[in-house]
Amino acid sequence: MSLQNQEDITADSRKQEGPAAERRTQKEDIFMETPAITVHTRLTRTSYRKYMYFHVFRKDSAWLKFTAMCLLVLLFGLINFRTGSPGLGWVFVLLAAYLLVSRYLRFFLSLNRICSQDGLPRTFYSITFSPSGLDVSNKTEHASYPWKQVHHAYRRPGILYLYMNPQTAYLLPDGMIQCGTLEDLWNLICSSLPPEKRTEYL
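Here's what I pulled together on the structure shown here. Only a predicted model underlies this, so the values are computations on that prediction, with no experimental measurement involved.

Quick look at the overall build of the protein
Here comes step 1: Looking only at helices and strands, the protein has six helices and nine strands in total.
Here comes step 2: Expressed as a percentage of the 202 residues in the protein, the buried residues total 31%.
Here comes step 3: Partitioning the contacts of the protein with sequence separation of at least 6, the portion at a separation of at least 24 is 61%.

What to know about unusual backbone geometry
Here comes step 1: At C179, a position not held by glycine, the phi torsion is positive, near 60°.
Here comes step 2: Mapped onto the secondary structure, C179 falls in the loop between β8 (177-178) and α6 (182-192).
Here comes step 3: What makes C179 exposed here is its relative accessible area of 63%.

Some remarks on the sheet that holds strand β3 (residues 133-137)
Here comes step 1: Taken in spatial order, the five strands of this open sheet run β4-β3-β2-β1-β8, and their pairing is antiparallel. Since the sheet does not close on itself, it has two edges, and those belong to β4 (142-146) and β8, each with one partner.
Here comes step 2: Of the strand pairs in this sheet, strand β1 (residues 37-43) and β8 are connected by two bridges, and their pairing is antiparallel. Its bridge partner lying in β8, T38 is registered against Q178.
Here comes step 3: Against the sheet, α6 engages β1, β2 (122-130) and β8, with an angle of about 115° to β1.

Remarks on the pairing of strand β7 (residues 168-173)
Here comes step 1: The buried fraction of β7 amounts to five of the six residues, a majority that puts the element mostly inside the structure.
Here comes step 2: Bridge count between strand β6 (residues 159-165) and β7: six bridges; the pairing is antiparallel. Bridge pairing in β7 places Y163 opposite A169.
Here comes step 3: Here β6 folds back onto β7, and the loop between the two strands holds two residues.

Quick notes on the nonpolar core
In summary, soluble globular proteins display a tendency toward joint burial of nonpolar side chains.
Here comes step 1: Grouped together as the largest cluster of nonpolar side chains are 37 residues, with contacts concentrated most on F129, L134, L162, L172, L185 and I189.
Here comes step 2: Among the elements that make up this core, the one with the highest residue count is β6 (six residues).
Here comes step 3: Contacts of F129, omitting those with residues within four sequence positions, involve P35, A36, I37, V39, L134, W147, L162, L172, L185 and L188.

Here's the deal with the pairing of β2
Here comes step 1: The pairing of β1 with β2 spans seven bridges and is antiparallel. Of the residues in β2, the one forming a bridge with V39 is I127.
Here comes step 2: As paired elements, β2 and β3 share five bridges and run antiparallel to each other. Residue pairing in the sheet places I127 in a bridge with V136 of β3.
Here comes step 3: Where β2 hands over to β3, the hairpin turn is made up of two residues, counted between the paired strands.

Quick word on a nonpolar patch on the surface
Here comes step 1: On the surface, L72, L75, F76 and I79 cluster together into a nonpolar patch covering about 350 Å² of accessible area.
Here comes step 2: With respect to the secondary-structure elements, L75 resides in helix α4 (residues 62-82).
Here comes step 3: Given the relative accessible area of 43%, L75 is considered partly exposed.

Some points on the packing of α4 against helix α5 (residues 86-117)
Here comes step 1: Taken N-terminus to C-terminus, the directions of α4 and α5 make an angle of 160°; their axes are 6 Å apart at the nearest point. Judged on the interaxial angle alone, α5 and α4 are roughly antiparallel. The two elements α4 and α5 meet at a crossing, and its hand is left-handed. On α5, the residues that touch W63, F66, T67, M69, C70, V73, L74, F76, G77, N80 and F81 of α4 are P86, L88, G89, W90, F92, V93, L95, A96, L99, L100, R103 and Y104.
Here comes step 2: Among the residues forming the contact of α4 with α5, the class breakdown is 18 nonpolar, four polar and one charged.

About the thresholds
- Residues numbered from 1 in each chain as written.
- Predicted model: local features only at pLDDT ≥ 70, side-chain atom pairs only at ≥ 80, totals over all residues.
- Heavy atoms only, no water.
- Helix = DSSP H or I, 4+ residues; strand = E, 2+ residues; numbered from the N terminus.
- Buried < 20%, exposed > 50% of the residue type's maximum accessible area, 1.4 Å probe, protein only.
- Contact = heavy atoms within 4.5 Å.
- Pairing = 2+ DSSP bridges.
- Axes fitted to C-alpha atoms, helices over the stretch in contact; angles between N-to-C directions.
- Core = buried A, V, L, I, M, F, W, Y, C linked by side-chain atoms within 4.5 Å.
- Patch = residues over 30% accessible without salt bridge, like charges linked within 9 Å, V, L, I, M, F, W, Y side chains within 5 Å.
- Areas by Shrake-Rupley, 256 points an atom, 1.4 Å probe, with all protein chains shown as cover.
- Salt bridge = Lys/Arg side-chain N within 4 Å of Asp/Glu carboxyl O.
- Parallel < 35°, antiparallel > 145°, perpendicular 65-115°, else oblique.
- Left-handed = near helix turned anticlockwise from the far one by under 90°.
- Nonpolar A, V, L, I, M, F, W, Y, C, P; charged D, E, K, R; others polar.

So, in structure tokens, the structure goes:
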């Protein structure tokens, strides 16, 4: 069978399949035209701190619930002062203060320790993004993931956070991207993930 005959058969089959085939062909053409984008992530103390602040205080609302609980305990203490039970009032007030200070003090001390001991700044990993997924590599390991394994992507000014699970993320700073820009990478992510898996905080 000649190449011309094969092309005619392919064209006829696309006509028979209708709009669905046309949409599929357009999507395949877009994927073929999309170049791979590589990010060499070099973390600094500042970028890591910003990520942890986002992870703890912006992405997750657990700290709000914890703080609200401590304020409720404090309120019980104040009520006891007003109702003539200062001893019980001090118990609630001191308990609320201890819970708040110990939790957030541990967080900031742990963050300072990690920044000091982890050799920052240094390059942690390189990630190549394509329409089929992402390839992650460092000095000792290499792994490939399809887009369906991505948990969520967040866009912040100058950086993207790509979460593979609720607790860990790849940091993708602007200025460390090859064969594209941060906007190009975000557009690729938006075309590869459903809307419920991507969020912008600008």
